[in-house]
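Below are the chains, spelled out letter by letter.
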Amino acid sequence: MDFLPEKIDAYAGRHTSPESEVLAKLNRETYAKVLIPRMLSGHIQGRMLSTFSYMIRPERILEIGTYTGYSALCLAEGVAPGGFLHTIDINEELEDMVKRYIAEAGQQERIKMHIGNALEIVPTLSENWDLVFIDADKENYSAYYDLVIDHVRPGGFIIADNVLWSGKVTEPVDAKDEETQALVNFNKKVQDDDRVENVLFPVRDGLMVCRVKQQVSD
Ligand code: SAH
Ligand code: CA
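Calculation notes
- Residues numbered from 1 in each chain as written.
- Chains lettered and ligands numbered in written order.
- Predicted model: local features only at pLDDT ≥ 70, side-chain atom pairs only at ≥ 80, totals over all residues.
- Heavy atoms only, no water.
- Helix = DSSP H or I, 4+ residues; strand = E, 2+ residues; numbered from the N terminus.
- Rg over C-alpha atoms; globule rule 2.2 N^0.38 Å.
- Contact = heavy atoms within 4.5 Å.
- Areas by Shrake-Rupley, 256 points an atom, 1.4 Å probe, with all protein chains shown as cover.
- Lys, Arg positive; Asp, Glu negative; His and termini not counted.
- Charge placed at Lys NZ, Arg CZ, Asp CG, Glu CD.
- Near = heavy atom within 4 Å.
- Polar contact = N/O pair within 3.5 Å; in protein donor to acceptor, adjacent residues only side chain to side chain.
- Pairing = 2+ DSSP bridges.
- Core = buried A, V, L, I, M, F, W, Y, C linked by side-chain atoms within 4.5 Å.
- Buried < 20%, exposed > 50% of the residue type's maximum accessible area, 1.4 Å probe, protein only.
- Phe/Tyr/Trp six-rings, centres within 6.5 Å; stacked < 30°, edge-to-face > 60°.

**Student:** Describe the overall build of the protein, with residues and values.
**Tutor:** Looking only at helices and strands, one finds 8 helices and 7 strands in the protein. On C-alpha atoms alone, the protein measures out to a radius of gyration of 17 Å, which is about the 17 Å that the 2.2 N^0.38 rule sets for 218 residues. By its C-alpha atoms, the protein is 40 × 40 × 35 Å across when sized along the principal axes. Residue pairs in contact within the protein that sit at least 24 positions apart in sequence constitute 70% of those at least 6 positions apart. Counting only carbon and sulfur atoms, one obtains 51% of the accessible surface of the protein, whose full area is about 11300 Å². Across the protein, the 23 positively charged side chains and the 36 negatively charged ones have centroids separated by 4 Å.

**Student:** Could you give me a rundown of the site of ligand 1, with the residues and numbers involved?
**Tutor:** Residues in contact with ligand 1 amount to 20 residues; listed here are only the nearest, Ser 41, Gly 65, Ser 71, Asp 89 and Asp 135. Contacts to ligand 1 include Gly 65, whose backbone N or O atom sits 2.8 Å from a nitrogen atom. Measuring from an oxygen atom of ligand 1, one finds a side-chain N or O atom of Asp 89 at 2.6 Å. Calculation on ligand 1 without its partners gives an accessible area of 590 Å², and the protein chains cover 90% of this total.

**Student:** Describe in detail the pairing of strand β6 (residues 196-201), supporting the description with residues and values.
**Tutor:** Both β6 and strand β7 (residues 207-212) contribute to a ladder of 6 bridges, which runs antiparallel. Within β7, the position partnered with Phe 201 by the bridge is Leu 207. Hairpin connection of β6 to β7: 5 residues between the antiparallel strands, including Arg 204 at a positive phi of 50°.

**Student:** Could you give an account of the nonpolar core, naming the residues involved and the relevant values?
**Tutor:** By size, the foremost hydrophobic cluster in this structure holds 31 residues, and its most contacted members are Leu 75, Leu 85 and Ile 159. Sorting the residues of this core by element identifies α2 (21-33), α3 (42-56), α4 (70-76), α5 (95-104), β3 (111-115), β4 (129-134) and β7 as the ones contributing at least two each. By residue number, the principal contributor to this core is α4, which donates 6 residues. Every residue in contact with Leu 75, bar those within four places of it in the chain, is listed here: Leu 49, Ser 53, Ile 61, Glu 63, Leu 85, Leu 131 and Phe 133. Within the second largest apolar cluster, 30 residues are counted, among which are Ala 118, Ile 149, Phe 186 and Met 208.

**Student:** So, the packing of aromatic side chains: which residues are in play, and what are the values?
**Tutor:** Under the defined criterion, the tally for this structure stands at 3 aromatic pairs. Ring centres of Phe 52 and Phe 201 lie 5.7 Å apart, and the angle between their planes is 80°; on these two criteria the pair is classed as edge-to-face. Within this pair, whereas Phe 52 is found in helix α3, its partner Phe 201 is found in strand β6, the two being separated by 149 residues in sequence. An aromatic cluster is built from Tyr 141, Tyr 145 and Phe 186, whose rings are joined through pairwise contacts.

**Student:** Tell me about unusual backbone geometry, and please be specific about residues and values.
**Tutor:** Of note, the phi angle at Ser 166 is positive, near 55°, even though the residue is not glycine. Residue placement: Ser 166 occurs in the loop between β5 (152-161) and α8 (178-191). Using a relative accessible area of 29% as the deciding quantity, one classes Ser 166 as partly exposed. Unusually for a residue other than glycine, Arg 204 sits at a positive phi of about 50°. Positionally, Arg 204 belongs in the loop between β6 and β7. Take Arg 204: its relative accessible area is 29%, and that puts it in the partly exposed class.

Quick look at the structure:
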């Protein structure tokens, strides 16, 4: 679902730097060959993730939910020299395509892909993150947040995608709709957490951006 009128969205797209050739190719190949291509971040959100990354200049990024690697490549653009990005996906069928694009973008040294359940892999990564991007199964957003929060450096960021869930988070939740319920719970949890300062960007499907405070009075 698009929150913005098509004309506005198109105008924003025409006034946002274009995707690189590699990203445009990955975007096309995902739409041609992979299931549920709308999960790919796409042009405007991709440029936004790249911009966030350049603003933060992270040395360590964790991405939960690689899919075809579009957001990983965007986030990797702003990584500080010597830094790197770990990305995790449970779907092993994506591995070859992601690795091919990581290589095509010349990012083999910077991006490490893990295949498996992020709930199991995240605790094995002993890093201190500057930026965490949560974009996997919505039911586990709160679990991912809990797993990473003590491993994000003070002043670091956690960004979670799709927190508006096509607007469903604002409607009465059907008891069977576990994804919407999980996102409602996640957004409330973040909002109530004194350890972070957060802003919900109503961009695309909603991005929750949290800054981990140095101390509670920050
Ligand atoms: N970040 C990508 C889109 C991710 S789509 C982009 O913006 O382009 C969500 C991905 O999460 C899917 O590829 C799915 O396989 C993965 N996923 C779902 N459950 C997971 C889990 N438990 N652990 C790791 N990845 C998971
Ligand atoms: Ca997403």
